[in-house]
Amino acid sequence: METESKPIRLGELLTRVGLLRAHELTEAIQIAGETGLPIGRVLIMSGYLTDQELQAAVQAQSFLKDKVIDMDMAVNALQKVSQ
């Protein structure tokens, strides 16, 4: 799987799970660049994610990087958190 050979970006993970739409990510990246705020803070302030969803996604990203879980498990876990 290609995503296992390179680190997965947080936005990619969030869009893959369905917690974030591509245009929302693009908008948040633009705002973060203009304001200097972290992308996660922009996503929460914009109402795209809850703090809990962001924390879970960052944790899943870390577990993926460390190969503790695979992508399917990460997606499943994040979908549960969002419910």
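Structure: see above.
Residues numbered from 1 in each chain as written. Predicted model: local features only at pLDDT ≥ 70, side-chain atom pairs only at ≥ 80, totals over all residues. Heavy atoms only, no water.

(A) Main features of the environment of Gln 59. Along the chain, Gln 59 turns up in helix α5 (residues 51-65). According to the relative accessible area criterion, Gln 59 is partly exposed, its value standing at 41%. Taking the C-alpha atoms as reference points, Gln 59 and Ala 74, separated by 15 residues in sequence, lie 9.3 Å from one another. (Helix = DSSP H or I, 4+ residues; strand = E, 2+ residues; numbered from the N terminus. Buried < 20%, exposed > 50% of the residue type's maximum accessible area, 1.4 Å probe, protein only.)

(B) Molecular detail of unusual backbone geometry. The backbone of Lys 67 sits at a positive phi, close to 60 degrees, despite the residue not being glycine. What makes Lys 67 exposed here is its relative accessible area of 60%.

(C) Up close: the side chain of Glu 24. Here Glu 24 shows up in helix α3 (residues 22-35). Among the polar contacts listed, one links the side chain of Glu 24 to the backbone nitrogen of Arg 21, at a separation of 2.8 Å. (Polar contact = N/O pair within 3.5 Å; in protein donor to acceptor, adjacent residues only side chain to side chain.)

(D) Inspection of the packing of helix α2 (residues 10-17) against helix α6 (residues 71-82) at higher detail. At a minimum axis separation of 9 Å, α2 and α6 run at an interaxial angle of 70 degrees. Taken as axis vectors, α2 and α6 run roughly perpendicular relative to one another. Of the two possible hands of crossing, α2 and α6 adopt the one that is right-handed. Counting all contacts with α2, which are made through Leu 13, Arg 16 and Val 17, the residues of α6 involved are Met 71, Val 75, Leu 78 and Gln 79. The class makeup of the residues in the contact of α2 with α6 is five nonpolar, one polar and one charged. (Axes fitted to C-alpha atoms, helices over the stretch in contact; angles between N-to-C directions. Parallel < 35°, antiparallel > 145°, perpendicular 65-115°, else oblique. Left-handed = near helix turned anticlockwise from the far one by under 90°. Contact = heavy atoms within 4.5 Å. Nonpolar A, V, L, I, M, F, W, Y, C, P; charged D, E, K, R; others polar.)

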